[in-house]
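Okay, here's what each chain looks like letter by letter:
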Amino acid sequence: MSRMPLIDPVLPAFTTPSINYYAIAPILIVFGAAVVSVLVEAFVPRRGRRVTQLVLVIASIVAAFAVTLDLRGTRLVTGEGAIAVDGPTLVMWGALLLISLLAAFLMAERTIDPLGDAFAARASSLPGSEDERQFAARGYLQTEVWPFLLFALTGMLAFVAANDLLMMFVALEVMSLPLYLLAGMARRRRLLSQEAALKYFLLGAFSSAFFLYGAALIYGYSGSIGFVAISDTLTAKTAEGSLLAIGLALLMVGLLFKVAAVPFHQWTPDVYQGAPSPVTGFMAATVKIAAFGAILRLLYVAFGGMRWDWQPMLWIIAALTMLVGSIIAITQSDMKRMLAYSSIAQAGFILVGVIVATPQGLGASLFYLIAYGFTTIGMFAVIMMVRNASGEATSLAEWRGLGRKSPLVAGVFSLFLLSLAGIPLTSGFVGKFAVFAAAIDAGAVWLVIIGVVASIIAAFFYVRVVVLMHFADPTEETASVAIPSAFTTVTLTAATVMTIALGIFPQWLLDVIEQAGVFIR
Amino acid sequence: MNPENYIILSAVLFTIGALGVLVRRNAIIVFMSVELMLNAANLAFVAFARMNGNLDGQTVAFFVMVVAAAEVVVGLAIIVTIFRTRRSASIDEPNLLKY
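Every chain begins its residue count from 1, and numbering advances along the sequence as written. For naming, the first written chain is A and the first written ligand is 1, with later ones following in the order written. This being a predicted model, a pLDDT of at least 70 is required before a residue's local features are given, and a value of 80 or more before pairs of side-chain atoms are given or counted; all residues contribute to the totals for chains, interfaces and linings. Side-chain numbers here rest on the full set of heavy atoms in the structure, without hydrogens or water.

Participant: Which residues make up the overall build of chain A, and what values do they have?
Facilitator: The helix and strand tally for chain A stands at 20 helices and 5 strands. Against the compact-globule benchmark of 24 Å for 521 residues, chain A has a radius of gyration of 23 Å, which places it among compact chains. Taking the principal axes of the C-alpha coordinates as reference, chain A spans close to 80 × 55 × 45 Å. Within chain A, the fraction of its 521 residues that count as buried is 65%. Nonlocal contacts in chain A, meaning residues at least 24 apart in sequence, comprise 81% of its contacts between residues at least 6 apart. Each accessible area value is a Shrake-Rupley result obtained with a 1.4 Å probe; residue values ignore everything except the protein chains displayed when judging cover. Put simply, chain A shows about 18,300 Å² of open surface, and 69% of that area lies on carbon and sulfur atoms. Residues scored as positive are Lys and Arg, those scored as negative are Asp and Glu, and His as well as the terminal groups of each chain are ignored. A single reference atom marks each charge: NZ on Lys, CZ on Arg, CG on Asp, CD on Glu. Between the centroid of the 30 positive side chains of chain A and the centroid of its 28 negative side chains there is a distance of 5 Å. What counts as a helix is a DSSP run of H or I of at least four residues, what counts as a strand is a run of E of at least two, and both are numbered from the N terminus. Based on C-alpha atoms, the radius of gyration is set beside the globule rule, defined as 2.2 Å times the residue count to the power 0.38. Summary of the burial criterion: residues with accessible area below 20% of their type's maximum are buried, those above 50% are exposed, and those between are partly exposed, where the area comes from a 1.4 Å probe applied to protein chains only. Only heavy atoms matter for contacts: two residues are in contact if any of them lie within 4.5 Å across the pair.

Here is the structure:
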């Protein structure tokens, strides 16, 4: 019996990859800052950590944004095909960086809560224990949230630029792992927070395992993990193997989990409710952008050739997501849970833009994602400010008559709600209009009809909250609005300005997206 | 030996892992089942690398091992915290978040 060689002799040798470091500088800047920020935790004295971390986070995000602006017009694939820096990537990088900066401001807020910021003094201390009291009394802060924020942002930036399956998997995990931990670090209601972290982690890990196995099957089918090579195989091989169909389905399970599409949405309400509000805002806005960026690139670049196979599948998922999200949101009595179901419904609307698989659909999805991101981060800023004696007042009953007590804050929140409902002169209307118009042009009339029905159902519960706040009398349990520091004020103002500006003058962003063009092949 | 057998083995392992996640009640066991699924994917990658005659799959397997190790760190941290709080690692017990 002859011994088989361990590897075939015809295999090519490894070559040094050529990397255009400037094109991926935004990822590298944020990643470098994340690493430095871990060192800050180790070496900077406790008193100086918060300030150092804040400076590091803000400086790195601003620097990365400046580089992203400078990169405009770039269209290249680097890192041996692993990373694509093209128009859509840059648009999403810009949106992710800006929204993360606003989320960082929310995480830095500590005047709203008399106890300090939104995070436990020591996440490792037992809830209700003497340790916990001691740490809180000494004014300890869990400054590790900053490296987590930067690592998660690194993952998101890499996720939207990933051009092969390995890069996409690694980016998916780099994005998710810090978020699992952040979800469990709330200062108040720690049992809920820890439970949210456990559920998010177990289900998230489960879904990424599906993604990975799908990647393995696609690799088995096409012999490559690069998107372009996969696309070439699709055209070269006429027979569609079961490996291909099952592989794509498993990949989509992993990605649709992240955007909270039905039937992979079960984690969303629990995690949105349990996680600290700044983290929920950060996660709700940015993960949606990053995961949809990845879905768009995967479906358009790698699997654009078999769109007749994935469109019907996504068609059903989009219809279910819109309807289930909107209908269940009506029954909710907790504000954060209601917003979780609303985010599920919004994922369905964005999926409509994804399904049409035209440049118009791509642009509409991008616009919708950006509009949704800014509105969402603003909503969670308001949720942080509406409080009672025991912390955030998230029960809808406690929002009754808020407009009489604090007209400004309730008015801003109503604006966000109306934007999500898609009322004209808000960013949500332009987004919905763009998505539905793209779908009509591509002939998906029935999907648009379902979408409009779902929008009407969704408008019911958004408007119900508006009515509850403005046209009902305050009761004993109506919450009060805490006065925020400059951090939250900046975030809230920016979110409001973007929601109105994108509603009344959407053209500049539409132009930016149009110039960005389509994905590079 | 035919590499296709390894693909079948990996599919079996993946299914066992997925079933384990769905039916087991202890968070540690659920997490071990997820790891089994990741390693089933690794096995598939290596077997496919052999069938396809290139090294991409083997490279992926190395990266996945590192990612899985990082996931263990995060996962055990969360599970141990829950265990210290509740004196139990059952995933049925944390049920404050509903409706």
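Participant: Any details on the packing of aromatic side chains? Residues and values, ideally.
Facilitator: All names here are of chain A. Pairing of aromatic side chains requires ring centres within 6.5 Å, counting the rings of Phe and Tyr and the six-membered ring of Trp. Pairs whose planes differ by under 30 degrees are stacked, by over 60 edge-to-face, and all others tilted. According to the stated counting rule, one finds 19 aromatic pairs over all chains in the structure shown. Each ring, one from Phe135 and one from Tyr140, has its centre 5.3 Å from the other, and the planes form 40°; the classification is tilted. Should the NZ of a Lys or the CZ of an Arg lie within 6 Å of a ring centre and within 35 degrees of the ring normal, that charge is described as sitting over the ring. Here Lys432 stacks its cationic end above the ring of Phe349, 4.5 Å away from the centre of that ring.

Participant: So what's going on with the interface of chain B and chain A? Residues and values would help.
Facilitator: On the chain A side, the residues contacting the 51 residues of chain B number 50 residues. Two parts placed together each lose some accessible area under a 1.4 Å probe, and the buried area is that loss summed for both. Note on chain B versus chain A: buried area summed over both sides is about 4,400 Å², and carbon and sulfur give 75% of it. Among the residues of chain B in contact with chain A, Arg50(B), Ile78(B) and Leu97(B) are the three that bury the most area, contributing 16% of the side total. Whenever Lys or Arg places a side-chain nitrogen within 4 Å of a carboxyl oxygen from Asp or Glu, that contact is recorded as a salt bridge. Linking chain B to chain A there are 1 salt bridge.

Participant: So, the nonpolar core: which residues are in play, and what are the values?
Facilitator: Grouped together as the largest cluster of nonpolar side chains are 233 residues, with contacts concentrated most on Phe159(A), Leu179(A), Phe303(A), Trp399(A) and Phe413(A). Among residues more than four places away in sequence, those in contact with Leu179(A) are Ala152(A), Met156(A), Tyr200(A), Phe282(A), Met283(A) and Val287(A). Nonpolar cores are built from buried Ala, Val, Leu, Ile, Met, Phe, Trp, Tyr and Cys residues. Side-chain atoms within 4.5 Å join them into one set.

Participant: Tell me what's going on with helix α7 (residues 190–222) of chain A, and back it up with residues and numbers.
Facilitator: All names here are of chain A. Between its first and last C-alpha, α7 extends 47 Å over 33 residues, near the 48 Å set by a 1.5 Å rise per residue. With 30 of 33 residues buried, α7 is to be regarded as a mostly interior element. Remark: Gly223 follows α7 within two positions and exhibits a positive phi of approximately 75°. The length a helix should cover is 1.5 Å for every residue beyond the first.

Participant: Lay out the side chain of Thr78(A) in plain terms, naming residues and giving numbers.
Facilitator: Residue and element names in this part refer to chain A. Mapped onto the elements, Thr78 comes out in strand β1 (residues 76–78). A relative accessible area of 5% places Thr78 in the buried class. Polar side-chain contacts of Thr78 include one of 2.7 Å to the backbone nitrogen of Asn20. Whenever two N or O atoms come within 3.5 Å, that pair is a polar contact, provided that in protein one can donate a hydrogen and the other can accept it, and provided that, for residues adjacent in sequence, both atoms are side-chain atoms.

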